[in-house]
Amino acid sequence: QVQLVESGGGSVQPGESLRLSCAGSGSISSVNVMGWYRQAPGKQREMVALISSDDSKTYTESVKGRFTVSRDNNPFKIYLNMNKLRSEDTAAYYCKWTGRLLPSLPEKDYWGRGTQVTVSS
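Residues numbered from 1 in each chain as written. Predicted model: local features only at pLDDT ≥ 70, side-chain atom pairs only at ≥ 80, totals over all residues. Heavy atoms only, no water.

Colleague: Outline the nonpolar core, supporting the account with residue identities and numerical values.
Modeller: By size, the foremost hydrophobic cluster in this structure holds 31 residues, and its most contacted members are W36, I78, L80, M82, Y93 and W97. At the level of secondary structure, the elements contributing two or more residues to this core comprise β3 (18–25), β4 (30–39), β5 (46–51), β7 (67–73), β8 (76–82), β9 (91–100) and β11 (115–119). Y93 has contacts with E6, L20, W36, Y37, R38, V48, F67, L80, M82, G114, T115 and V117, leaving out every residue within four places of it along the chain. (Core = buried A, V, L, I, M, F, W, Y, C linked by side-chain atoms within 4.5 Å. Buried < 20%, exposed > 50% of the residue type's maximum accessible area, 1.4 Å probe, protein only. Helix = DSSP H or I, 4+ residues; strand = E, 2+ residues; numbered from the N terminus. Contact = heavy atoms within 4.5 Å.)

Dropping the structure here:
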C-alpha cells in the first residue's frame, strides 16, 4: 500500500505564494496521473491541476496563469506552486495519484489527507 502525505500549506495574505508537495510512503510501481484537488467549506471537492506521465498538464480555469503543477518520478512526488493567491483559493488541498502498486495489478486512486491553505488579509 502507498500513503500520500501533503505538506506546505499555511496561512498567507492575498498576493503571496505557497508551494505544496506530496510524497508517498510505501512502494508503488508506476503512477500515471497525479493531481491536486481542493475543497472549501460547504463546497464540493474540485480538481485544481493534473499532470500525467507524459508531463501534460490540466488546470481549472480559475488558477491558470497563477498555479503550476510539476512532478518527480524517482521517487514519485508532486508539487503545486501557487502564486498570486486569492481569498477564494482558501481550501483544504489534497493530492491524488492514479497508479499501480505492481505492474500486474490494476490502476487505483490514492489520496492524501490534505493540507490547509488559508488566504486572508
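Colleague: Report on the side chain of E6, specifying residues and quantitative values.
Modeller: Topologically, E6 is positioned in strand β1 (residues 3–7). Of the buried charged residues, E6 lacks a salt bridge, with R45 as the closest side chain of opposite charge at 7.4 Å. There is a polar contact of 3.0 Å between the side chain of E6 and the backbone nitrogen of C95. At a separation of 2.8 Å, a polar atom in the side chain of E6 contacts the main-chain amide nitrogen of G114. (Lys, Arg positive; Asp, Glu negative; His and termini not counted. Salt bridge = Lys/Arg side-chain N within 4 Å of Asp/Glu carboxyl O. Polar contact = N/O pair within 3.5 Å; in protein donor to acceptor, adjacent residues only side chain to side chain.)

Colleague: Please provide a residue-by-residue account of the pairing of β8, values included.
Modeller: Most of β8 is tucked away: 5 of the 7 residues are buried. With 6 bridges joining them, β3 and β8 adopt antiparallel strand pairing. In the strand pairing of β8, L20 is matched with L80. Linking β7 back to β8 in an antiparallel pair, the connection comprises 2 residues. (Pairing = 2+ DSSP bridges.)

Colleague: Let's hear about the pattern of salt bridges: which residues, and what values?
Modeller: Per the stated rule, a full pass over the model turns up 5 salt bridges. Of the charged contacts in the structure, one is a salt bridge between E61 and K64, with a shortest N-O distance of 3.0 Å. By relative accessible area, K64 is classed as partly exposed at 45%. A salt bridge links D89 to R66, with the shortest nitrogen-to-oxygen separation between them at 2.8 Å. Of this pair, D89 sits in the loop between β8 and β9 while R66 sits in the loop between β6 (57–59) and β7, and the two are 23 residues apart along the sequence. This pair shows no difference in class: D89 is buried, exactly as R66 is. One salt-bridge network, in which partners are shared between bridges, spans R38, E46, R66 and D89.

Colleague: Give a detailed account of the side chain of R71, specifying residues and quantitative values.
Modeller: Within the fold, R71 resides in strand β7. No salt bridge is formed by the buried R71. Its closest oppositely charged neighbour is D55, at 5.8 Å. Within polar-contact distance, the side chain of R71 engages the backbone oxygen of I51 at 3.4 Å. Those residues in contact with R71 that sit more than four places away from it in its chain are V31, N32, M34, I51, S52, S53, D55, F76, K77, I78 and Y79.

Colleague: With reference to specific residues and values, describe unusual backbone geometry.
Modeller: Omega for the peptide link from N74 to P75 comes to -5 degrees, which places this bond in the cis form. With a phi close to 75 degrees, D55 is a non-glycine residue in the positive phi region. Within the secondary structure, D55 is located in the loop between β5 and β6. Of note, K84 is a non-glycine position whose phi angle comes to about 50 degrees, a positive value. Of note, K84 is situated in the loop between β8 and β9.

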